[in-house]
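# Breakdown of the fold
Below, each chain spelled out in residue letters.
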Amino acid sequence: QVQLVESGGGLAYPGESLRLSCRASVRTFSDYGMGWFRQVPGKEREFVARISGRGGVIYYADSVKGRFSISRENTKNTMYLQMNNLKPEDTAVYYCAGRQGLPTENPAIYDDWGQGTQVTVSS
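As the structure is a computational prediction, the values presented were derived from the model and not from experiment.

### Here's the deal with the pattern of salt bridges
On inspection of all chains with the given rule, the structure shows five salt bridges. Among the salt bridges present, the one from Asp-90 reaches Arg-38, with a minimum N-O distance of 3.0 Å. Separated by 52 residues along the polypeptide, Asp-90 in the loop between strand E8 (78–83) and strand E9 (92–100) and Arg-38 in strand E4 (residues 32–39) bring together distant segments of the chain. Here the two residues Asp-90 and Arg-38 agree in accessibility, since each one is buried. The partner of Asp-62 in a salt bridge is Lys-65, with the nearest N and O atoms 3.1 Å apart. Each member of the pair, Asp-62 as well as Lys-65, carries the same accessibility label: exposed. Taken together, the shared-partner salt bridges in this structure form one network comprising Arg-38, Glu-46, Arg-67 and Asp-90.

Shown next, in the form of structure tokens:
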């Protein structure tokens, strides 16, 4: 039902920054709780951050607290993930996810997923 498209991934040295974007094709974006997840080969999809429909409730995984920042601009139907002080262990494919209602840390609850964008952090 909802088309999600990520962009902004790429290569970075440790300590550098990247900003990911997720654009949604949906009538009322503020109705949708959104999340960012990441996945590496052979591992389960990992929760990164989530944000409620109007941005009032935000949670981060412990591994990214103080370094990553999730936000959204509902007038642009876009969610962002600002990633600062990147570490090699942040290397993964990053996915945005959405559902009509409250966001969650459980990927199984989300109805819609983007195609993913690769983030590689290495020296």
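### Focus: the packing of aromatic side chains
Under the criterion given, the structure shown has four aromatic pairs. A centroid spacing of 5.9 Å and a plane angle of 70° characterise the contact between Phe-37 and Phe-47, whose relative ring orientation is edge-to-face. Of this pair, Phe-37 sits in strand E4 while Phe-47 sits in strand E5 (residues 46–51); the two residues are ten residues apart in sequence, bridging distant segments of the chain. Residue Phe-47 is classed as buried on the basis of its relative accessible area, which comes to 11%. Arranged with centres 5.4 Å apart and planes meeting at 75°, the rings of Phe-37 and Tyr-110 form a pair that is edge-to-face. With Phe-37 in strand E4 and Tyr-110 in the loop between E9 and strand E10 (112–113), this pair connects stretches of sequence that are 73 residues apart.

Analysis parameters
Residues numbered from 1 in each chain as written. Predicted model: local features only at pLDDT ≥ 70, side-chain atom pairs only at ≥ 80, totals over all residues. Heavy atoms only, no water. Salt bridge = Lys/Arg side-chain N within 4 Å of Asp/Glu carboxyl O. Helix = DSSP H or I, 4+ residues; strand = E, 2+ residues; numbered from the N terminus. Buried < 20%, exposed > 50% of the residue type's maximum accessible area, 1.4 Å probe, protein only. Phe/Tyr/Trp six-rings, centres within 6.5 Å; stacked < 30°, edge-to-face > 60°.

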